[in-house]
Amino acid sequence: MKYIRILFTIIFGVIYWPINILHTKVQRWYFAEKKKDKVAWYLFTPFYWILVFITTIISVPYEMVAKDLH
């Protein structure tokens with residue numbers, strides 16, 4: 001059973017890692033943009049929240065599978 005969880009952790013990790021990196025970079029830009037350009041910030045808000053939603057959907061099963069493996 002542990003080997004199956006390790007396999008799922010690797011599979012979810014390959015998917016989760018790039019999406020989390022993208023989310024982190026976009027988040028830095030998004031919050032800095034609020035001070036610079038409010039119009040661009042408001043226009044980009046739906047796309048940002050879609051990215052947050054996708055990251056959360058992928059991170060929940062990844063964290064559940066990998067919680068006891070460290």
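Residues numbered from 1 in each chain as written. Predicted model: local features only at pLDDT ≥ 70, side-chain atom pairs only at ≥ 80, totals over all residues. Heavy atoms only, no water.

Caption draft 1: Inspection of helix H1 (residues 2–36) at higher detail. Under the 1.5 Å per step criterion, the end-to-end length of H1 is 49 Å for 35 residues, consistent within 8% with the ideal 51 Å. The principal kink in H1, of about 30°, is found at Gly13. Among the residues of H1, Thr9, Gly13, Tyr16, Ile19, His23, Val26, Tyr30 and Glu33 are the ones counted as buried. Elements in contact with the buried residues of H1: helix H2 (38–66). (Helix = DSSP H or I, 4+ residues; strand = E, 2+ residues; numbered from the N terminus. Expected span 1.5 Å × (residues − 1). Bend = angle between axes of the 7 residues up to and from the residue. Buried < 20%, exposed > 50% of the residue type's maximum accessible area, 1.4 Å probe, protein only. Contact = heavy atoms within 4.5 Å.)

Caption draft 2: View of H2. The terminal C-alpha atoms of H2 lie 39 Å apart, and with 29 residues this matches the ideal 42 Å at 1.5 Å per residue to within 8%. Thr45 marks the point of greatest bend in H2, at about 45°, and the proline Pro46 comes within the next four residues. Along H2, the residues that are buried comprise Trp41, Thr45, Tyr48, Leu51, Val52, Thr55, Ile58, Ser59, Val65 and Ala66.

Caption draft 3: Quick peek at the environment of Ile15. With respect to the helices, strands and loops of the structure, Ile15 is situated in helix H1. For the pair formed by Ile15 and Asp37, sequence separation is 22 residues and the distance between their alpha carbons is 32 Å.

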